[in-house]
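Now for the letters of each chain:
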Amino acid sequence: MVADDRKYTKSHEWVMVEGDVATVGVTEYAASELGDVVFLDLPEPGSEINLGEPVGTIETVKAVEDLYSPVSGEVLEVNQAVIDSPEIVNNDPLEAGWLMKVRLAGRSELDDLLSAAEYETLLGG
Amino acid sequence: MAADLPADLKRTPLTDWHVAHGGKLVPFAGYAMPVQYEGVLAEHAAVRERVGLFDITHMGEIHVAGPGAEAWLDGLVTNRVAGIPVGKVVYNAMCREDGGVLDDMLIYRLAPERWLVVCNASNHDKIAAWLAARARGVAGVKLDDASDRTALIAVQGPVAWDLTARVTALLPHRAVVEALEFYTAVELKLGGSTWVVSRTGYTGERGYEIYVPNGDALALWEELLHLGRDLGVAPIGLAARDTLRFEPAYCLYGHELAEDVSPLEAGIGWAVKLNKPAFVGRDALIRQRDAGVPRRLIGVSIAGRAIARQGATVLSGGRPVGAVTSGTFSPTLQRALALALVETAAAGGPLEVDVRGKLFPLTPTPYPFLAARVKGDPRAARS
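### Notes on the overall build of chain A
For step 1, the next point in the chain: A count of helices and strands for chain A gives four helices and nine strands.
For step 2, the next point in the chain: The secondary structure elements of chain A, listed N-terminal to C-terminal, are β-β-β-α-β-β-β-β-β-α-α-β-α.
For step 3, the next point in the chain: In summary, chain A has a C-alpha radius of gyration of 13 Å against a globular reference of 14 Å for 125 residues, a match within 12%.
For step 4, the next point in the chain: Expressed along its principal axes, the backbone C-alpha trace of chain A runs to roughly 35 × 35 × 20 Å.
For step 5, the next point in the chain: Counting all 125 residues of chain A, 42% fall into the buried class.

### Notes on the nonpolar core
Residues and elements named next belong to chain B.
For step 1, the next point in the chain: With 135 residues, the main nonpolar core has Leu73, Val117, Ile153, Val155 and Ala340 as its most contacted residues.
For step 2, the next point in the chain: In terms of residue count, strand E17 (residues 335–343) provides more of this core than any other element does, seven residues in total.
For step 3, the next point in the chain: Excluding anything up to four places from it in sequence, Val117 contacts Ile62, Val64, Met105 and Ile107.

### A look at the interface of chain B and chain A
Where interface size is given, it is often the accessible area lost as the parts come together that is meant.
For step 1, the next point in the chain: Taken together, the contact pairs ten residues of chain B with seven residues of chain A.
For step 2, the next point in the chain: Looking at the side of chain B that touches chain A residue by residue, the classes come out as five nonpolar, four polar and one charged.

### Some remarks on the domain arrangement of chain B
All names here are of chain B.
For step 1, the next point in the chain: In terms of domains, chain B is made up of domain 1 (2–55 + 148–246) and domain 2 (294–364).
For step 2, the next point in the chain: Put simply, the middle of domain 1 and the middle of domain 2, counted by C-alpha atoms, are 32 Å apart.
For step 3, the next point in the chain: At the junction of the two partners, domain 1 supplies six residues and domain 2 supplies four residues.
For step 4, the next point in the chain: For the side of domain 1 that touches domain 2, the elements supplying multiple residues, two or more each, are helix H2 (40–49) and helix H8 (238–246).
For step 5, the next point in the chain: A per-element tally of the side of domain 1 that touches domain 2 places H2 first, with four residues.
For step 6, the next point in the chain: Its residues placed into classes, the side of domain 1 that touches domain 2 shows three nonpolar, two polar and one charged.

### With respect to the pairing of strand E19 (residues 358–364) of chain B
Residue and element names in this part refer to chain B.
For step 1, the next point in the chain: Where strand E14 (residues 295–302) meets E19, three bridges bridge the pair, whose relative direction is antiparallel. Within E19, the residue paired with Ser301 across the bridge is Thr363.
For step 2, the next point in the chain: Here strand E18 (residues 351–355) runs beside E19; their pairing, made up of five bridges, is antiparallel. Following the sheet pairing, Val355 is matched in E19 by Lys358.
For step 3, the next point in the chain: Here E18 hands over to E19 after two residues, with Arg356 in that stretch at a positive phi of 50 degrees.

### Some words on the sheet that holds strand E8 (residues 142–145) of chain B
Residues and elements named next belong to chain B.
For step 1, the next point in the chain: Spatially, the five strands line up as an open sheet ordered E5-E6-E7-E4-E8, and their pairing is antiparallel. Here the strands that pair on one side only, and so sit at the sheet edges, are strand E5 (89–95) and E8. Sheet twist, expressed as the mean angle between neighbouring strand axes with direction ignored, is 30 degrees.
For step 2, the next point in the chain: Taken together, the six bridges between strand E6 (residues 101–111) and strand E7 (residues 114–119) define a ladder with antiparallel strand orientation. Looking across to E7, one finds that Tyr108 is bridged to Leu116.
For step 3, the next point in the chain: Sheet contacts for helix H4 (residues 124–135): strand E4 (60–65), E5, E6, E7 and E8; angle to E4, the most-contacted strand, approximately 15 degrees.

### Brief notes about the environment of Val300 of chain B
All names here are of chain B.
For step 1, the next point in the chain: Tracing the backbone through its elements, the reader meets Val300 in strand E14.
For step 2, the next point in the chain: Of the residues examined, Val300 has 25 C-beta atoms within 10 Å and is grouped as buried.
For step 3, the next point in the chain: Counting along the chain gives 61 residues from Val300 to Pro361, while the straight-line C-alpha distance between them is 9.6 Å.
For step 4, the next point in the chain: Here Val300 is in contact with Ala338, Ala340, Leu351, Leu362, Thr363, Pro364 and Thr365, once residues within four sequence places are set aside.

### Observations regarding the sheet that holds strand E10 (residues 185–190) of chain B
Consider a sheet: its strands pair through backbone hydrogen bonds, and that pairing is either parallel or antiparallel.
Residue and element names in this part refer to chain B.
For step 1, the next point in the chain: In spatial order, the strands read E10-E11-E12-E9-E3-E13; together these six strands make up an open sheet with mixed pairing. In this open sheet, the two edge strands, each paired with only one partner strand, are E10 and strand E13 (233–235). Shown here is a sheet whose adjacent strand axes are inclined to one another by a mean of 20 degrees, direction ignored.
For step 2, the next point in the chain: Strand direction decides the pairing type here: E10 and strand E11 (residues 193–198), joined by six bridges, are antiparallel. Bridging from a neighbouring strand, Val186 pairs with Val197 of E11.
For step 3, the next point in the chain: Relative to strand E3 (residues 51–55), H2 is tilted by about 120 degrees, and along the sheet it contacts E3, strand E9 (150–156) and E13.

### Remarks on the packing of H2 of chain B against H8 of chain B
Residue and element names in this part refer to chain B.
For step 1, the next point in the chain: At a minimum axis separation of 9 Å, H2 and H8 run at an interaxial angle of 55 degrees. Taken together, H2 and H8 sit at an angle that is classed as oblique. The element H2 and its partner H8 pack so that their crossing is right-handed. Of the residues in H8, those touching H2 at Val40, Glu43, His44 and Val47 are Ala239, Ala240, Thr243 and Leu244.
For step 2, the next point in the chain: In terms of residue class, the contact of H2 with H8 is built from five nonpolar, two polar and one charged.

### Quick notes on H2 of chain B
Residues and elements named next belong to chain B.
For step 1, the next point in the chain: Among the ten residues in H2, seven count as buried, and that is most of the element.
For step 2, the next point in the chain: Of the positions making up H2, those classed as buried are Val40, Leu41, Glu43, His44, Ala46, Val47 and Arg48.
For step 3, the next point in the chain: Of the surrounding secondary structure, the elements contacted by the buried residues of H2 are strand E2 (31–36), E3, E9, E13 and H8.

### Some thoughts on the environment of Glu38 of chain B
Residues and elements named next belong to chain B.
For step 1, the next point in the chain: In this structure, Glu38 sits in the loop between E2 and H2.
For step 2, the next point in the chain: Expressed as a C-alpha distance, the spacing of Glu38 and Ala234, which sit 196 residues apart in the sequence, is 9.0 Å.
For step 3, the next point in the chain: The residues touching Glu38, leaving out its near neighbours within four places in the chain, are Glu43 and Ala234.

### Observations concerning unusual backbone geometry
For step 1, the next point in the chain: Looking along the chain, the bond that leaves Tyr367 of chain B and enters Pro368 of chain B is cis, with omega of 10 degrees.
For step 2, the next point in the chain: Mapped onto the secondary structure, Pro368 of chain B falls in the segment after E19.
For step 3, the next point in the chain: A positive phi angle is found at His12 of chain A, which is not glycine, with a value near 70 degrees.
For step 4, the next point in the chain: Looking at where His12 of chain A falls in the secondary structure, it is placed in the loop between strand E1 (7–8) and strand E2 (13–18).
For step 5, the next point in the chain: Using a count of 23 C-beta atoms within 10 Å as the deciding quantity, one classes His12 of chain A as buried.
For step 6, the next point in the chain: Positive phi values are uncommon outside glycine, yet Ala29 of chain B reaches one of about 55 degrees.
For step 7, the next point in the chain: Among the structural elements, Ala29 of chain B can be located in the loop between strand E1 (24–28) and E2.
For step 8, the next point in the chain: When the 17 C-beta atoms within 10 Å are taken as the criterion, Ala29 of chain B is described as partly exposed.

Parameters and conventions
Residues numbered from 1 in each chain as written. Chains lettered and ligands numbered in written order. Predicted model: local features only at pLDDT ≥ 70, side-chain atom pairs only at ≥ 80, totals over all residues. Helix = DSSP H or I, 4+ residues; strand = E, 2+ residues; numbered from the N terminus. Rg over C-alpha atoms; globule rule 2.2 N^0.38 Å. Buried ≥ 20, exposed ≤ 12 C-beta atoms within 10 Å, placed from the backbone. Core = buried A, V, L, I, M, F, W, Y, C linked by C-beta atoms within 7 Å. Contact = placed C-beta atoms within 7 Å. Nonpolar A, V, L, I, M, F, W, Y, C, P; charged D, E, K, R; others polar. Domains from an automatic or database assignment. Pairing = 2+ DSSP bridges. Axes fitted to C-alpha atoms, helices over the stretch in contact; angles between N-to-C directions. Parallel < 35°, antiparallel > 145°, perpendicular 65-115°, else oblique. Left-handed = near helix turned anticlockwise from the far one by under 90°.

Written out as structure tokens, the structure is:
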């Protein structure tokens, strides 16, 4: 049962939009597949990011995964708490484990994001 | 997850148990092995703080018997096995003529004329073929590759003895097992089975490795889990096995050791006895020692939490001088650490590592990063 207060991507990120600000994180499925996160490299606040680009990395003990941006816009803020304590991403990926807030460059991209139902179908649920 | 794996992967007597208990199976050396259960950090902590169980049945076990076995084996490995007492276990490198490492391994003397070679799963076929070729026509040497009928369970952690002491099959032999010193083993006849219990391990903690026939493995595994409940026993996957061996800087073949790396370069010179009369690779290693070993395995830490992984280029003054062999975020030490094989001349100077296009300065950090607990371990703290 996937939270329906937000939208999703095929690469297992979630996007919650309020006004023109999108909050981005990774899903529970992603966190579980990754395993214990030990390090996050997130984009600089103030930088411009574009949909589909790798904008950071999530590191576990075994491997590095790219974090792909699900939206285009300006990075307003990154979550210092997860930078200091990466395990928050595993413990609470949907709330405390948010990764970045982005001021949207436009809203049209949001239509291409997956709804909760579509993401659930992707997961095979 | 099991459905995604190639169907021809080998299984151990515990594979079904792993799947049933949340083990995430991955292909490893031709086997389907659990990479983790609860999670690498929890499993790593379980071994450092309490006790963990490892299914390492994929390792190779080759028995060597006969009056010619002692001298024959001694001529194939870097460390001294001729003349060791029954029950002794010796860590060795087995080299090519040019001194490159074919595998690192343990050799056990189970009886005056019976030896057990325990090699890495990834090198089993290579070592079995190498030994078979070298035994052809040699009098008094008989090989028996028991890998497919031998299961291996490791019990590792500060309370590993407390747990092992409770095993029902071992109770009649408790005194003998308790008396085992570090790197010794005993062969036990239990009813119709023969077990080998050794005080060895790959974690830096106190522990035992128990070799049993396949048919005894599941009962032993389940008994250990049941008896160890109050001790906080946990099953441990391959991911934590790697972080656990990395902290005391034990070599992992394919990382610190390879056919184009000599044991002198890889920091296991303590296991190389160049004054032995002869062994494959000895002349090449003597020449290397005399000319100055060209590369050295060094330990380094990296600023911040950036993790340098195997293959990352190490530079000195902008020039590549080597590469990372293993690197991770150390769960116990809470820092990014790496082992790197670099030109000896550059090893003492300032170094940087290239992590996905960004350069990070490296701070020399002598290994072991975390001293092995047991006195007598070459990776234990120097007192």
